[in-house]
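Single-letter residue listing:
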Amino acid sequence: MKPPGLVVLWIGLSLTPAQAAPRLVFEVQGFMRYRAGLQGLDYNLYVNVEPTSVRGVGTALNDGVVRSFFPGGRFLFGAGPIIPGAGWSDDPASWRFNLHGLNEVRMLGGVDLDDNGMQDAGDIAPNSNIFEGEFTAPVWVFTDAGCCYDVLAPFVGRPNSLLASFYGYNDYGWKGSLVLHHSGLGVPPPSAFELHGSYGFVELEYVPEPHAIWLLLPCALVALRMARRTS
């Protein structure tokens, strides 16, 4: 059972003016670190987030079906350094990373597609490329009274063809959003920081026509703040 704050945030991210597009929702958990300097968020060294499951929502095939990842999967992402004059320097409740340098988004792992609890020919093999892409806007980190930290970012991505086919789609025409919630902070910015107790969702939405997911991020932030004030 997920904490109420994340549930409301999830609803905020899912609102659309018309019928919601089909989505693949990846549940993830782990932690991330930032070491100050030109390297920014290094996806090879300082992000340790593991995918645990994927679920189809409104999909043409296997709608609502959840499939588990085999142990050892990784969700990796990177971005540039903290943007000067934005975030902690003028608003201690949030900061952001620019898109210069590392801005890659990637998930590696294996998925038990036939749901038999074994790795076999009917599955996506471990260490496969589940999806890859890049951020389309700066990576924001929002805080609330210094107690919780949330990472929000939109990206474009292309999923594994076997996984997309399992839910009834091709491997093109997808955009994504990252929502990570962290319950604790290790070392605070600007020099460096560590975000602990991470859990959340990575979502791929099937949108063959132009669609701006980043417009939904303010809605997500409002929902998050409202959830915390009422919890």
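Reference entry: report on the structure contained in this document. (Residues numbered from 1 in each chain as written. Predicted model: local features only at pLDDT ≥ 70, side-chain atom pairs only at ≥ 80, totals over all residues. Heavy atoms only, no water.)

## Some points on the overall build of the protein chain
For the protein chain, the helix and strand inventory stands at three helices and 11 strands. Scanning the protein chain from its N terminus toward the C terminus, one meets helices and strands in the order α-β-β-β-β-β-β-β-β-β-α-β-β-α. Residue pairs at least 24 apart in sequence account for 66% of intrachain contacts in the protein chain once pairs closer than 6 positions are excluded. With an accessible surface of roughly 10500 Å², the protein chain has 58% of that area assigned to carbon and sulfur atoms. (Helix = DSSP H or I, 4+ residues; strand = E, 2+ residues; numbered from the N terminus. Contact = heavy atoms within 4.5 Å. Areas by Shrake-Rupley, 256 points an atom, 1.4 Å probe, with all protein chains shown as cover.)

## Re the pattern of salt bridges
Opposite charge on two side chains makes pairing possible when the charged atoms of those side chains draw close. Counted by the stated rule, this structure contains five salt bridges. Here Arg67 makes a salt bridge to Asp115, at a shortest N to O gap of 3.7 Å. Separated by 48 residues along the polypeptide, Arg67 in strand β3 (residues 66-68) and Asp115 in the loop between β6 (104-111) and β7 (124-135) bring together distant segments of the chain. Residue classification places Arg67 among the buried residues on the basis of a relative accessible area of 14%. Asp115 gets classed as partly exposed once you look at its relative accessible area, which sits at 48%. Across the pair Arg158 and Asp171 runs a salt bridge whose closest N-O atoms are separated by 3.3 Å. Placement of Arg158 in strand β9 (residues 148-159) and of Asp171 in the loop between α2 (161-166) and β10 (174-185) is noted, with a sequence separation of 13 residues between them. On the basis of relative accessibility, which here comes to 48%, the residue Arg158 falls in the partly exposed class. (Salt bridge = Lys/Arg side-chain N within 4 Å of Asp/Glu carboxyl O. Buried < 20%, exposed > 50% of the residue type's maximum accessible area, 1.4 Å probe, protein only.)

## Details of the environment of Arg106
Along the chain, the position of Arg106 falls in strand β6. The spacing of Arg106 and Arg158 is 52 residues in sequence and 9.5 Å in space, taken between C-alpha atoms. Apart from residues lying up to four places away in sequence, Arg106 is in contact with Arg74, Phe75, Leu76, Asn129, Phe131 and Glu132. There is a polar contact of 2.7 Å between the side chain of Arg106 and the side chain of Glu104. (Polar contact = N/O pair within 3.5 Å; in protein donor to acceptor, adjacent residues only side chain to side chain.)

## A short note on the packing of aromatic side chains
Under the defined criterion, the tally for this structure stands at 11 aromatic pairs. Ring geometry for Phe75 and Phe77: centres 5.4 Å apart, planes at 40 degrees, overall tilted. Assessed through its relative accessible area of 0%, Phe75 is described here as buried. Between the aromatic rings of Phe75 and Phe131, the centroid separation amounts to 6.2 Å while the plane-to-plane angle is 55 degrees, which identifies the pairing as tilted. Of this pair, Phe75 sits in strand β4 (residues 74-77) while Phe131 sits in strand β7, and the two are 56 residues apart along the sequence. Its relative accessible area of 0% is what places Phe131 among the buried residues. (Phe/Tyr/Trp six-rings, centres within 6.5 Å; stacked < 30°, edge-to-face > 60°.)

## Considering the pairing of β6
Pairing geometry for β4 and β6, over four bridges, is antiparallel. Looking at β6, one finds that Phe77 is bridged to Val105. Bridging between β6 and β7 involves seven bridges; their strand directions are antiparallel. Along β7, the bridge assignment pairs Leu108 with Asn129. (Pairing = 2+ DSSP bridges.)

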